[in-house]
Amino acid sequence: MLTQDKLLEMYYKMVLIRAFEDRVHELFVQGRIPGFVHLYAGEEAVAVGVTSHLRKGDYITSTHRGHGHCIAMGVDIKGMMAELFGRKSGTCRGKGGSMHIADFEVGMLGANGIVGAGGPLAVGAAFAAKYRGSGDVVVCFAGDGAQNQGAVLESLNAAAIWKLPLIFVVEDNQYAISLRSLSSTKLQPRISTARSVAERAVAFGIPSVTVDGMDVLAVYEAAKAAVERARAGEGPSLLDCKTYRYYGHFEGDPMVYRSVEEVEEWKKRDPIKLFRERLVRGGVVEEVLDDIRRKASLEVEEAVRFAEESPYPEPSEAYTDVFTDPYY
Amino acid sequence: MSELREITFVEALNEALHQEMERDPTIVVMGEDVGVYGGIFGVTKGLLERFGPDRVVDTPISETAFIGAGVGAAAAGLRPVVELMFVDFFGVCMDQIYNQAAKMRYMFGGKIKIPLTIRTTIGAGLSAAAQHSQTLYSIFAHVPGIKVIVPSTPYDAKGLLISAVRDDNPKIFFEHKLLYGVRGPVPKEPYAIPFGVADVKTEGSDVTIVAVAYMVHEALKASNELKKEGVSVEVIDPRTLVPFDKEAVFKSVRKTGRLVVVDEDYDRCGFASWVAALVADECFGYLDAPIKRVTTPTVPIPFSPTLEKEILPNAEKIVKTVKEVVKKV
Ligand SMILES: Cc1ncc(C[n+]2csc(CCOP(=O)(O)OP(=O)(O)O)c2C)c(N)n1
Ligand SMILES: [Mg+2]
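Everything numeric here is computed off the predicted structure, so don't read it as measured data. (Residues numbered from 1 in each chain as written. Chains lettered and ligands numbered in written order. Predicted model: local features only at pLDDT ≥ 70, side-chain atom pairs only at ≥ 80, totals over all residues.)

**Re the overall build of chain B**
For chain B, the helix and strand inventory stands at 12 helices and 14 strands. A compact globule built from 329 residues would reach a C-alpha radius of gyration of about 20 Å, and chain B, at 20 Å, matches this within 12%. Oriented by its inertia axes, the alpha-carbon framework of chain B measures out at about 60 × 45 × 45 Å. Taking all 329 residues of chain B together, 57% fall into the buried category. Taking the intrachain contacts of chain B between residues at least 6 apart in sequence as the baseline, contacts between residues at least 24 apart amount to 79%. (Helix = DSSP H or I, 4+ residues; strand = E, 2+ residues; numbered from the N terminus. Rg over C-alpha atoms; globule rule 2.2 N^0.38 Å. Buried ≥ 20, exposed ≤ 12 C-beta atoms within 10 Å, placed from the backbone. Contact = placed C-beta atoms within 7 Å.)

Right, here's the structure in full:
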């Protein structure tokens, strides 16, 4: 049973992700953030529902759309914002940017600019966890598009034969840039009613389930079983979460491939709205939830201030960190 | 004479694809987001509408499968033009390029042709960080069996893409992201620019600069600066690295006695070093100064604008380097 504190913490994280992403969107439009930025707004229930089961020692691998995974894992948003601004105080000292935030202290093995590349890395981290016998688990977040990458399919097979403590979480937000997931993946509705990569996992010998990715409690329940299975040494699972991204693929995307009506339709089942309604029905007073939202906004503003006041890295830092030795 | 209009680099490429597909029904276009979206930089805009989904194929994110399918389709008689969205992603599909496409004709005793064009993007300067900013042409020039094309102007982009599509070998065609919006005169009719013919962008007598892609523009900026200080620069754009117009470079260095090679790819074991070695071999007696390279140091491309600026070659760095070699008379 989820305690009220836990529920409110989940709500806080979802709201914090949304506030962060909405603010980054504005900052990008204003030209204050450089580079390529992919926002997670709309998909909060997936990251939060899954990572709520993780503990110190567990790891996740992430994607180009990684801000939500970072915040759900507890990466400090001041450092994240400073990273997006390219400042020295950033999570990765300004060297990585939006697509390459990693924070090993909290088990965040890295966002990734290469679609599907997190799969093999997750296999390796899960191999290490199994080797240590620590009971730690690994979560591999990857999009619907990434599911057609050879690296991901090879990873499913490796995880299955080695019985690794690994949870593959598919974030099926309906599109890989402009390509609909329904036209990139040909599957017959045999096992579940939805056409779904969950069926593929079964062919690899991996139990899987299709989940409403807009419902954080549904994600939470599905992830609970998968994480318990992994901790017990019973091997990998796959969760196929149906969700939606609200902004363009990247900031600046003209979105020629989808209609405003479609976006509005999905927003009717907004994950934060749905969860809030559930909490209120369960007896949480609205003011408590409003306070949480206000707190999240203030934290984001604080992060922006921190980022803008931070200095850029010295040019000489371009040559450090290539190897562990000073030589590059 | 054909009609010359000012159009952008991206429009020139788009026009080349439209015209060649019109002419040759064996040409097919494949890649991520090349259809409905028209390519994330707009190069394939309108092709799906004009030629339909049999010839313009939106692929899943499966580079090994669709780059490899380009190789196989070329072997089986089509003339595919396949887009690899960013060259940084070549790691996903390299086997199909360098072990399959590049070697098939040779291994099979010359009995097959692979008329494949892979189009891809290069270049930093957009804070796109370590996995979306690289300028990796040297690595393909290093491998036998792949032609390497690196245009710098809208005119060259169109003429070289048309040659690429008509050529019977595997080629990689590199489009620098900062060039897409650059405008220039381009004839309306189709025309082909032969590979291996350098373009002398500006004539000069004190120093030769060899540069490709976006760096041609930085070299020309540098040359204008240097002219004000009485230094006469000859800028040469080889336009293709494989084949490479050695003679044009040798001829220029025999005249100027000095060479600076500008190259946005990593410094170590790269294109610039190779050109320097060729010239050292062939023109040693003519050199009045050491050959210099202005390149990207061999570190991953950092995200932060200050760090990125630190490592990228630019006009200012070219001017500084040219002054060094001119001093050493
Ligand atoms: C190997 C590779 N191929 C292509 C790309 C370009 N690209 C970046 S994100 C993306 C779509 C990814 O779709 P999906 O996995 O569904 O994730 P989403 O963006 O929808 O979250 C593509 C094609 C890339 N970064 N890496
Ligand atoms: Mg997707």
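**Remarks on the overall build of chain A**
Helix and strand counts for chain A stand at 12 helices and seven strands. Taken over C-alpha atoms, the radius of gyration comes to 19 Å for chain A, in line with the 20 Å a tight globule of 328 residues would show. Projected onto its principal axes, the C-alpha coordinates of chain A cover approximately 55 × 55 × 45 Å. By residue count, 54% of the 328 residues in chain A fall in the buried class. Long-range contacts, defined as pairs at least 24 residues apart, comprise 73% of the intrachain contacts of chain A with a sequence gap of at least 6.

**Examining the interface of chain A and chain B**
Contact residues are listed per partner, giving 34 residues for chain A and 30 residues for chain B. Residues that form the side of chain A that touches chain B fall into these classes: 18 nonpolar, 14 polar and two charged. (Nonpolar A, V, L, I, M, F, W, Y, C, P; charged D, E, K, R; others polar.)

**Structural notes on the domain arrangement of chain B**
By a widely used convention, the size of an interface equals the accessible area lost when the partners come together. Residue and element names in this part refer to chain B. Assigned domains of chain B: these are domain 1 (4–187) and domain 2 (199–327). One C-alpha centre belongs to domain 1, the other to domain 2; they are set 26 Å apart. Taken together, the contacts link 27 residues of domain 1 with 20 residues of domain 2. Looking at the side of domain 1 that touches domain 2, the elements that each hand over two or more residues are α6 (138–141), β6 (147–149), α7 (154–166) and β7 (171–176). Looking at side-chain class alone, the side of domain 1 that touches domain 2 contains 16 nonpolar, nine polar and two charged residues. (Domains from an automatic or database assignment.)

**Regarding the sheet that holds β7 of chain B**
All names here are of chain B. Taken together, seven strands build an open sheet; the order of strands is β3-β2-β4-β5-β7-β6-β12 and the sheet is mixed. In the strand order of this sheet, the two ends are held by β3 (56–58) and β12 (240–242), each with one partner. For this sheet the average axis-to-axis angle between neighbouring strands, irrespective of direction, equals 20°. Packed on one face of the sheet, helix α3 (residues 63–75) meets β2 (27–31), β4 (79–84) and β5 (117–122) and runs near 160° to β4. (Pairing = 2+ DSSP bridges. Axes fitted to C-alpha atoms, helices over the stretch in contact; angles between N-to-C directions.)

**Examining the nonpolar core**
Within the largest apolar cluster, 209 residues are counted, with the highest numbers of intra-cluster contacts made by L166, I167, V169 and L239 of chain A. With 10 residues, helix α1 (residues 4–29) of chain A is the single largest residue contributor to this core. When residues of this core are sorted by domain, at least three fall in each of domain 1 (4–187) and domain 2 (199–327) of chain B. Each residue touching L239 of chain A, except ones within four places of it in the same chain, is listed here: I167, V169, V170, V209, V211, A222, A223 and A226 of chain A. (Core = buried A, V, L, I, M, F, W, Y, C linked by C-beta atoms within 7 Å.)

**Remarks on unusual backbone geometry**
Residue P243 of chain B is reached from V242 of chain B by a cis peptide bond, and omega for that bond is -5°. Checked against the element boundaries, P243 of chain B lands in the loop between β12 and α9 (246–256). The backbone of K163 of chain A sits at a positive phi, close to 50°, despite the residue not being glycine. Looking at the secondary structure, you find K163 of chain A in the loop between α6 (150–161) and β3 (166–172). For K163 of chain A, a count of 15 C-beta atoms within 10 Å gives the class partly exposed. In this structure, A213 of chain B takes a positive phi of about 55° despite not being glycine. Relative to the assigned elements, A213 of chain B resides in the loop between β10 (207–211) and α8 (214–228). The exposure class of A213 of chain B is buried, given the 27 C-beta atoms found within 10 Å.

**Brief notes about the site of ligand 1**
Taken together, 21 residues are adjacent to ligand 1, and V115, G143, G145, A146 and A176 of chain A come closest. Those residues lying near ligand 1 are distributed over chains A and B. Looking at the shell around ligand 1 residue by residue, the classes come out as 10 nonpolar, six polar and five charged. (Near = placed C-beta within 6 Å.)

**Details of the pairing of strand β14 (residues 292–296) of chain B**
All names here are of chain B. Of all five residues in β14, four are buried, a share of seventy percent or more. Pairing analysis gives five bridges linking strand β13 (residues 259–266) to β14, with the strands arranged parallel. Among the inter-strand pairings, V262 is bridged to a residue of β14, identified as V294. Following the backbone out of β13, through helix α10 (residues 271–283) and into the adjacent parallel β14, one traces a crossover that is right-handed. (Right-handed = clockwise from strand over helix to strand, strands pointing away.)

**Overview of α10 of chain B**
An α-helix turns once per 3.6 residues; consequently, residues spaced three or four apart project the same way. All names here are of chain B. With 13 residues, α10 ought to run about 18 Å at 1.5 Å a step, and its terminal C-alpha atoms sit 18 Å apart, in line with that. Of all the positions in α10, only F271, A272, V275 and V279 are classed as buried. Viewed end-on, α10 has its buried residues packed into an arc of 100°, placing them on one side of the element. Of the exposed residues in α10, the ones pointing more than 90 degrees away from its buried face are A277 and D281. Contacts made by the buried residues of α10 are with α6, β10, β12, α9, β13 and β14. (Expected span 1.5 Å × (residues − 1). Arc of directions from axis to C-beta.)

**Re the pairing of β4 of chain B**
Residue and element names in this part refer to chain B. The buried fraction of β4 is high, at six of six residues. Along β4, one buried face is formed by R79, V81 and E83 and the opposite face, lined by P80, V82 and L84, is buried too. Where β2 lies against β4, five bridges are found, and the strand directions are parallel. Counterpart to V29 in the pairing with β4 is V81. Two elements, β4 and β5, share four bridges in a ladder whose sense is parallel. Opposite V81, over in β5, you have T117 as the bridge partner.

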